[in-house]
Amino acid sequence: MAARLPGLGAVVAAPLVLLARAVDPPLRWWQRVAGQGGMAAVFLLPNLAIFGVFVLVPLALNLVYSTTAGTGILLGGRSFVGAAQYARLLECGDYLDALTCREDMFWTATANTFVFVVFQVTTMVAVATITALILNREIRGRGFFRAVFFFPVLLSPVVVGLIWRWILQRQGLLNLIMVSLGLDPEVWLNDRTYAFAATIGVSVWAHMGFYTLILLAGLQAIPKDLYEAAEMDGTPPARVFRRITLPLLGPNLAVVLVLALIRGVQIFDEVYVLTGGGPGTSTLYLTQYIYEVGFASVLRNPGLAAAASILMGLVLVVLTLCQLRLSRRGAARDAK
Amino acid sequence: MGRIALHDIRKRFGATEIIHGVDLAVEDGELVVFVGPSGCGKSTLLRLIAGLDRPSSGTIEIDGRDVTRLSAAERGLAMVFQSYALYPHMTVRQNLSFGLENTKMARDEVARRIDAAARMLEIAPLLDRRPTQLSGGQRQRVAIGRAIVREPAAFLLDEPLSNLDAELRVTMRAELAQLHARLTTTMIHVTHDQVEAMTLADRIVVLRQGRIEQVATPLDLFNRPANLFVAGFVGAPNMNLLSATARDGRAALPGGLDIPVPRDGPCTIGIRPQHLHPAEPGAPALEGQVTLVEALGTETVLHARTPDGTALTTVVQGQSPLRPGQTLRLTPDPHEIHRFDADGLRMDDPGAAR
């Protein structure tokens, strides 16, 4: 009989156990010195440091930039202008007509983003709900399909943009197929409407897996008994959906809606790679505007970009507060 | 009306058959309890009758009509679920009316039925509350109310009392019995609790591993268990089971007792703890050392062990002075002895004039 080999778990755990034993005495000494409350701070510090360097400091810098003018990145070369950058962004003859505004591109991008978010979020919630409902059924290969629908979420947005550009471009896969079927090829990404639809379709394709997962979790939390009780009563499927599934899925749908809104407003990478904001400015969204004004144009204006991003940030803060309230209400309901 | 008949019902999940050909008739107005250890198939059988699952073969009839292929709703039965399955986002009233609205029933008829059920179950003050605002017992009533308003051919109850605490369970058990007496509608009640089965049932169906072991009234089940499994399952404390070998029509038990047996060969002698009495001095008796004394006040359960290691249990009325380690001499009531053959099946008492 062969000697029993240690399991993989034991092999992986062994060095960790050694490490834990090694750091235990100094940590205990430290706790004696710092006290229990102090120790909590010690453990929080690494994460706080990272959060500070990459979030808090940039946020503060952004506020500073938005109140200064100049093309330089170094703060020393910039002059304080107060709220002038904000005033410049908001200076408009008629807010409904971007061309009457001083920064017409800002308002074009804002209008584009607004329309994009309305269509994209509606499509996203609808498609994710339908997909979750289908994946919640006892279908063959359910595990496989769950993985397939989630897979795009794991892709880098740039890869998503590249894949779809390769499919949709003039000599792309889609046109190749259309020609082989005897159809006329289309210039998908050079047509205002098609390009706009493509940005919606691609972003929904890339992110719906995440929302589907949230909704699927919500669907699975609905007790099966409720459906069986409805079945005993002969409840038609449409009524079961409207009176049982939808109300009980409500909290999850609300979370999905707000999360999709927040991420919709921030849309950038996939679209930038796919259409670059074109044709013309028809798919120019806010984040791309901010990026181009701050970094990519000849006369770059970090102050203006910072002011625009602060304004966008305010919208996101409002949406995030909504999301927090919704999820707290959901948690309070579950705790009952 | 609600006569339910099962003919050779089988249920397979994949390659595993879990109900092995069940035949059963439940008469109209009868309260039948399915009882058995967990995994015996009692809930599965109830779901097959309900129409929530389909049998792999066999037929189900309700009032002579073959309903095997009909949907749950078309069978006209109502089910009370173990978890109650109340819709959490609806008020009690909406829970009661939800099923009726599917049938396009007139508004005032819906209201009349809810009213009647609420009065019968004393839940009228709760009609505008949500299930989360109710206690366990109140939820249970609402679940039963939701079944009553349907005015079904039969009620199917899947372990309806198992989520209640012990005290409430006893109360609800009595209420269920009263409810059945008042409604006189067929009820099939599933439980793993043999006391619940004994107190509620007109007839009990004992199930084990997807087969019916015995169908009988509670007292028949207690007095004449058809086999060793039923003998061990019904009655508390459990029946004493002593192995023996019968020769010349008699089985010898330790201590010089011998019991008349209709057939020779290996057999099992069953004696309920209630039917073992203290032996006269000098008379043949089962002898053992007391190992445990359970004093319940009105009665005392004594556990003992014979010299050859057989465990014995007896119940004596009142309180016993015996302590662990003392010797106990017991003799069985000769009219209350159960005999089982080598296959565990009941052999009839040769002396009894039944």
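Heads up: these notes are all about the structure in this document. (Residues numbered from 1 in each chain as written. Chains lettered and ligands numbered in written order. Predicted model: local features only at pLDDT ≥ 70, side-chain atom pairs only at ≥ 80, totals over all residues. Heavy atoms only, no water.)

### Quick look at the sheet that holds strand S8 (residues 186-191) of chain B
Paired through their backbone hydrogen bonds, the strands of a sheet run either parallel or antiparallel. Residue and element names in this part refer to chain B. Here we have six strands laid out as an open sheet, ordered S6-S7-S8-S3-S9-S10, and mixed in their pairing. Strands with a single pairing partner mark the edges of an open sheet, and in this sheet they are strand S6 (77-80) and strand S10 (211-216). Across the sheet, the mean angle from the axis of one strand to that of its neighbour is 20°, orientation sign disregarded. With five bridges joining them, strand S3 (residues 31-35) and S8 adopt parallel strand pairing. Its bridge partner lying in S8, Val-33 is registered against His-189. Across the face of the sheet, helix H5 (residues 166-183) comes into contact with S3, strand S7 (154-158) and S8 while running at roughly 160° to S8. (Pairing = 2+ DSSP bridges. Helix = DSSP H or I, 4+ residues; strand = E, 2+ residues; numbered from the N terminus. Axes fitted to C-alpha atoms, helices over the stretch in contact; angles between N-to-C directions. Contact = heavy atoms within 4.5 Å.)

### Digging into the packing of aromatic side chains
All names here are of chain A. Under the criterion given, the structure shown has 14 aromatic pairs over all chains. Relative to Trp-205, the ring of Trp-164 has its centre 5.5 Å away and its plane inclined at 75°; by these criteria the two rings are edge-to-face. Here Trp-164, found in helix H5 (residues 157-168), pairs with Trp-205, found in helix H7 (residues 192-220); they are 41 residues apart in sequence, far enough to count as distant. The exposure class of Trp-205 is partly exposed, given its relative accessible area of 31%. (Phe/Tyr/Trp six-rings, centres within 6.5 Å; stacked < 30°, edge-to-face > 60°. Buried < 20%, exposed > 50% of the residue type's maximum accessible area, 1.4 Å probe, protein only.)

### Let's talk about the nonpolar core
Within the largest apolar cluster, 92 residues are counted, with the highest numbers of intra-cluster contacts made by Tyr-289 of chain A together with Leu-6, Phe-34 and Leu-45 of chain B. Ranked by residues supplied to this core, first place goes to helix H9 (residues 237-265) of chain A with twelve residues. What Tyr-289 of chain A contacts, discounting residues up to four positions off in sequence, is Leu-89, Glu-103, Met-105, Phe-106, Ala-109, Leu-284, Leu-304 and Ala-308 of chain A. In terms of nonpolar packing, the next biggest core, distinct from the first, is built from 45 residues, Val-80, Tyr-84, Leu-161 and Leu-200 of chain B among them. (Core = buried A, V, L, I, M, F, W, Y, C linked by side-chain atoms within 4.5 Å.)

### Section: helix H2 (residues 92-101) of chain B
Buried residues dominate H2 of chain B, accounting for seven of its ten residues. Contact partners of the buried residues in H2 of chain B: helix H8 (224-232) and H9 of chain A together with helix H3 (107-121) and helix H4 (136-148) of chain B.

### Regarding unusual backbone geometry
Trans is the common state for peptide bonds, and a negative phi is the common state for residues other than glycine. Residues and elements named next belong to chain B. Look at the link from Ala-236 to Pro-237: it is a cis peptide, with omega at -10°. With respect to the helices and strands, the residue Pro-237 is situated in the loop between helix H8 (228-233) and strand S11 (240-247). In this structure, Asp-63 takes a positive phi of about 50° despite not being glycine. For Asp-63, the position within the fold is in the loop between strand S4 (57-62) and strand S5 (65-66).

### Let's talk about the pattern of salt bridges
Where charged atoms of side chains with opposite charge meet at close range, the side chains can pair. Residues and elements named next belong to chain B. Taken as a whole and judged by the stated rule, the model has 23 salt bridges over all chains. Two residues, Glu-213 and Arg-208, come together in a salt bridge whose shortest N-O distance is 3.4 Å. The class of Glu-213 is buried, set by a relative accessible area of 18%. Classification of Arg-208 by relative accessible area gives partly exposed; the value is 34%. Across the pair Glu-287 and Arg-329 runs a salt bridge, and its minimum N-O distance is 3.2 Å. You can see Glu-287 sitting in strand S16 (residues 286-295) and its partner Arg-329 sitting in strand S19 (residues 327-332), a full 42 residues away along the chain. Judged by relative accessible area, Glu-287 falls into the partly exposed class, the value being 37%. The exposure class of Arg-329 is partly exposed, given its relative accessible area of 27%. Salt bridges sharing common partners tie together Asp-8, Arg-10, Arg-12 and Glu-17. (Salt bridge = Lys/Arg side-chain N within 4 Å of Asp/Glu carboxyl O.)

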